[in-house]
Amino acid sequence: VDLLSIAFDGTAQLGSKLPILYDEYGVDSQIPDTKRHIYAGRELSKPVPERVQASYYRQALQMAACQPTVRGFLIFHVTDETDYGRWQSGVYFPDGSAKSSHKVVRQTMNEIRQGIFQCVETEPPFVGPGEGWTLVSASG
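Residues numbered from 1 in each chain as written. Predicted model: local features only at pLDDT ≥ 70, side-chain atom pairs only at ≥ 80, totals over all residues. Heavy atoms only, no water.

(A) Spatial organisation of helix 3 (residues 100–114). Compared with the 21 Å implied by 1.5 Å per residue over 15 residues, the 22 Å span of helix 3 between its first and last C-alpha is a close match. Turning to helix 3, its buried residues number three or more, namely Ser101, His102, Val105, Thr108 and Glu111. Structurally, helix 3 contributes buried residues whose contacts are with helix 2 (50–65) and strand 2 (70–75). Looking one or two residues past helix 3, Gly115 carries a phi angle of roughly 65°, positive in sign. (Helix = DSSP H or I, 4+ residues; strand = E, 2+ residues; numbered from the N terminus. Expected span 1.5 Å × (residues − 1). Buried < 20%, exposed > 50% of the residue type's maximum accessible area, 1.4 Å probe, protein only. Contact = heavy atoms within 4.5 Å.)

This is the structure in structure tokens:
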């Protein structure tokens with residue numbers, strides 16, 4: 001919102017009043033061996049552990065909720081693709097079972113609805129050595 005204000009306030013554009021929809025935000029997560037049989041193909045990216053995915057989703061949802069003009073936040077995908085070479089950013093496995101990140105996303109959304117968290121500026125969560133990461137925000 002600050003950047004929109006700097007770029008467009010005082011012009012014919014809406015600037016800081018422009019409604020924002022975060023679309024196709026996703027964090028590719030590692031697939032546990034117990035679920036690997038559901039997927040076909042091979043991994044082509046460097047996914048993160050589910051706990052890191054959960055941390056990124058929590059922070060992104062809270063940051064979006066603290067912006068006055070955000071109208072929506074779409075996680076891309078909600079359910080993983082079955083092609084292992086594609087994007088496993090869901091909070092559900094293809095068989096419909098929930099990843100551990102699902103609980104964090106649900107808890108975060110409940111906290112946002114109830115207004116029981118504080119808006120603070122934070123740095124992205126640390127991803128340690130050997131924990132490659134892929135973070136995409138395609139638009140928004």
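On we go.
(B) Main features of the side chain of Thr108. Assignment of secondary structure puts Thr108 in helix 3. When its relative accessible area of 1% is taken as the criterion, Thr108 is described as buried. Among all residues touching Thr108, those that are not within four sequence positions of it are Arg58, Leu61 and Gln62.

(C) Structural view of the pattern of salt bridges. Counted under the stated rule, the structure contains four salt bridges. Note that Asp95 is salt-bridged to Lys35, the shortest N-O span being 2.7 Å. Of this pair, Asp95 sits in the loop between strand 2 and helix 3 while Lys35 is found in the loop between strand 1 (20–27) and helix 2, placing the two residues 60 residues apart along the sequence. Looking at Asp95, the relative accessible area reads 43%, which means it is partly exposed. (Salt bridge = Lys/Arg side-chain N within 4 Å of Asp/Glu carboxyl O.)

(D) View of the layout of surface pockets. Empty space within the second largest pocket amounts to approximately 340 Å³. Leu61, Phe73, Ile75, Val105 and Met109 are the residues nearest the centre of the second largest pocket, which is lined by 16 residues in total. Looking at the lining of the second largest pocket, the elements that each hand over two or more residues are helix 2, strand 2 and helix 3. Tallying contributions element by element places helix 3 first for the lining of the second largest pocket, with five residues. Looking at the lining of the second largest pocket residue by residue, the classes come out as 12 nonpolar, three polar and one charged. (1 Å grid on protein atoms, 1.4 Å probe; cavity = no way out; pocket = protein on both sides within 12 Å on 5 of 7 lines; lining within 4 Å. Points joined across faces, edges and corners; volume = space filled by probe spheres on them. Nonpolar A, V, L, I, M, F, W, Y, C, P; charged D, E, K, R; others polar.)

(E) Structural context of the nonpolar core. If you look at the biggest cluster of nonpolar residues, it comprises 16 residues, and the most contacted ones within it are Tyr25, Val27, Tyr56, Tyr57, Phe73, Ile75 and Val105. Among the secondary structure elements, those contributing two or more residues to this core are strand 1, helix 2 and strand 2. Examining the composition of this core, we find that six residues originate from one element, helix 2, more than from any other. Residues contacting Val105, with those up to four places away along its chain left out, are Tyr57, Leu61, Ile75 and Val91. One finds Ile31, Ile38, Tyr39 and Phe93 within the second-largest nonpolar core, a separate group that totals five residues. (Core = buried A, V, L, I, M, F, W, Y, C linked by side-chain atoms within 4.5 Å.)

(F) Broad picture of the packing of helix 2 against helix 3. At a closest axis distance of 8 Å, the pairing of helix 2 and helix 3 adopts a crossing angle of 15°. Accordingly, the angle class assigned to the pair helix 2 and helix 3 is roughly parallel. Two packed elements cross with a definite hand, and for helix 2 against helix 3 that hand is right-handed. Between helix 2 and helix 3, the residues in contact are Glu50, Gln53, Ala54, Tyr57, Arg58, Leu61, Gln62 and Ala65 and Ser100, Ser101, Val104, Val105, Gln107, Thr108, Met109, Glu111 and Ile112, respectively. Of the residues that constitute the contact of helix 2 with helix 3, the class distribution is eight nonpolar, six polar and three charged. (Axes fitted to C-alpha atoms, helices over the stretch in contact; angles between N-to-C directions. Parallel < 35°, antiparallel > 145°, perpendicular 65-115°, else oblique. Left-handed = near helix turned anticlockwise from the far one by under 90°.)

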